[in-house]
Amino acid sequence: LRYFMVLANLVEQRLTELEIKASYSEDLLESLNQIIVRQQQEIALLQRDVRQLRQQMPEGASPAPRAGADDLPPHY
């Protein structure tokens, strides 16, 4: 009988540990989902801004040419 009591106690402790881990995992998943939603909203806004900027450019215009010095990082 004592063996079964010890075994039941160990099983209960392990179950409690697993429930705690599951709870932390659920919280983390919810937090990550919120971050993804926020990032998707920011991406959508940036895409809208890029479309608006492209519409403001004159037809056939290309972006301003860059100076050669701008192509290399300053430490070169």
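Above: the structure in question.
Reading the values: the criteria
Residues numbered from 1 in each chain as written. Predicted model: local features only at pLDDT ≥ 70, side-chain atom pairs only at ≥ 80, totals over all residues. Heavy atoms only, no water. Helix = DSSP H or I, 4+ residues; strand = E, 2+ residues; numbered from the N terminus. Buried < 20%, exposed > 50% of the residue type's maximum accessible area, 1.4 Å probe, protein only. Areas by Shrake-Rupley, 256 points an atom, 1.4 Å probe, with all protein chains shown as cover. Phe/Tyr/Trp six-rings, centres within 6.5 Å; stacked < 30°, edge-to-face > 60°. Salt bridge = Lys/Arg side-chain N within 4 Å of Asp/Glu carboxyl O.

1. Examining the overall build of the protein chain
Within the protein chain, the regular secondary structure consists of one helix and zero strands. Looking at the 76 residues of the protein chain, the share that counts as buried comes to 0%. With the model as given, the accessible surface of the protein chain reaches about 7,600 Å², and the carbon-plus-sulfur share is 60%.

2. Considering the packing of aromatic side chains
For the structure shown, the criterion picks out one aromatic pair. Measuring from ring centre to ring centre gives 5.6 Å for Tyr 3 and Phe 4, while their planes differ by 70°; the resulting arrangement is edge-to-face. The class for Tyr 3 is exposed, based on a relative accessible area of 58%.

3. Considering the pattern of salt bridges
Summed over the entire model, instances satisfying the criterion amount to two salt bridges. In this structure, Arg 14 and Glu 17 form a salt bridge, with 3.4 Å as the shortest nitrogen-oxygen distance. Taken as a pair, Arg 14 and Glu 17 lie in helix α1 (residues 2-56) at a separation of three residues, close to a single helical turn. Across the pair Arg 48 and Asp 49 runs a salt bridge, and its minimum N-O distance is 3.2 Å. Arg 48 sits in the partly exposed class, given a relative accessible area of 39%. Asp 49 sits in the partly exposed class, given a relative accessible area of 31%.

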